[in-house]
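Geometric and topological summary
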Amino acid sequence: MRMTPMIESFVFHFGEMGSRWGFNRTVGQIYALLVISEQPLSANDIGEMLGISRGNVSMGLKELHSWQLVHTTHRPGDRKDYYQSRGSIWDMANRVFEERRKREMDPTLSLLRDILLDEAGNAEEAYAQERIAEIHDLLENITEWTQSLQSLSPEKLNTLMKLGSGVGKVLEFKDKLMAKKAD
């Protein structure tokens, strides 16, 4: 694979996006290369294409393995390890969502539950707990909703996403009908 301007543009942008998804820029760039490479790449190939050290490549691949986003393959007669992305783009998205949930949402929900189990010592703490309960409930609902979405097939999820704002319009219409019945 050659680093054409189009491929380079995608890889570097993906690296920037990776930093927003929970892993560093270099890891995002390595993953982008593997996603768009038809053939598995060696660590040397990755390092040369990205202009990064072998150690940096090794650390990045280790991180991607921990996220279960890549797997290692071998070629007959070749002792080198080769790497490729694991699964489909939908699988990648689900994996990132799952890892982010484990690393960010679960610890936050655990902390909020612990705080809510404590007895409020005064009016300020009681008010704080009410607000914390709202945050907890919102995060819990978001977590349950995303887990439900993750269980859908890519085809059903794609259909749901295409519905988009249509769902909001249906709910608004339902509210109007319910308001008319109440009058």
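This text goes with the structure placed above it.
The structure contained in this document is the topic of the report that follows. (Residues numbered from 1 in each chain as written. Predicted model: local features only at pLDDT ≥ 70, side-chain atom pairs only at ≥ 80, totals over all residues. Heavy atoms only, no water.)

**Quick look at the overall build of the chain**
Scanning the chain for helices and strands turns up eight helices and three strands. Of the regular secondary structure in the chain, the N- to C-terminal order runs α-α-β-α-α-β-β-α-α-α-α. Scaling as 2.2 N^0.38, a compact globule of 183 residues should have a C-alpha radius of gyration of about 16 Å, whereas the chain reaches 23 Å, well beyond that. With the principal axes as the frame, the chain shows a C-alpha extent of 75 × 45 × 30 Å. The proportion of buried residues among the 183 residues of the chain is 30%. Across the chain, every contact between residues at least 6 apart in sequence was considered, and the portion connecting residues at least 24 apart equals 53%. Of the roughly 12,300 Å² that the chain leaves accessible, carbon and sulfur atoms contribute 55%. (Helix = DSSP H or I, 4+ residues; strand = E, 2+ residues; numbered from the N terminus. Rg over C-alpha atoms; globule rule 2.2 N^0.38 Å. Buried < 20%, exposed > 50% of the residue type's maximum accessible area, 1.4 Å probe, protein only. Contact = heavy atoms within 4.5 Å. Areas by Shrake-Rupley, 256 points an atom, 1.4 Å probe, with all protein chains shown as cover.)

**With respect to the nonpolar core**
Judged by nonpolar contacts, the single largest core of 25 residues is most densely connected at Ile30, Leu34, Ile46, Leu61 and Leu69. Contributions of two or more residues to this core are made by α1 (5-21), α2 (25-36), α3 (43-50), α4 (54-66) and α5 (89-117). Here the element with the most residues in this core is α2; it accounts for six residues. Residues in contact with Ile46, not counting those within four places in the same chain, are Ile30, Leu33, Leu34, Leu41, Val57 and Leu61. Met105, Leu109, Leu112 and Ile132 belong to the second-largest nonpolar core, a separate cluster that totals five residues. (Core = buried A, V, L, I, M, F, W, Y, C linked by side-chain atoms within 4.5 Å.)

**As for the pattern of salt bridges**
Scanning the model with the defined rule gives 11 salt bridges in all. Glu134 is paired through a salt bridge with Arg131; the nearest N and O atoms lie 3.8 Å apart. Of this pair, Glu134 and Arg131 both sit in helix α6 (residues 123-150), three residues apart, which is roughly one turn of that helix. Residue Glu134 is classed as partly exposed on the basis of its relative accessible area of 46%. (Salt bridge = Lys/Arg side-chain N within 4 Å of Asp/Glu carboxyl O.)

Keep in mind that these numbers describe shape and distance, not what the molecule does.
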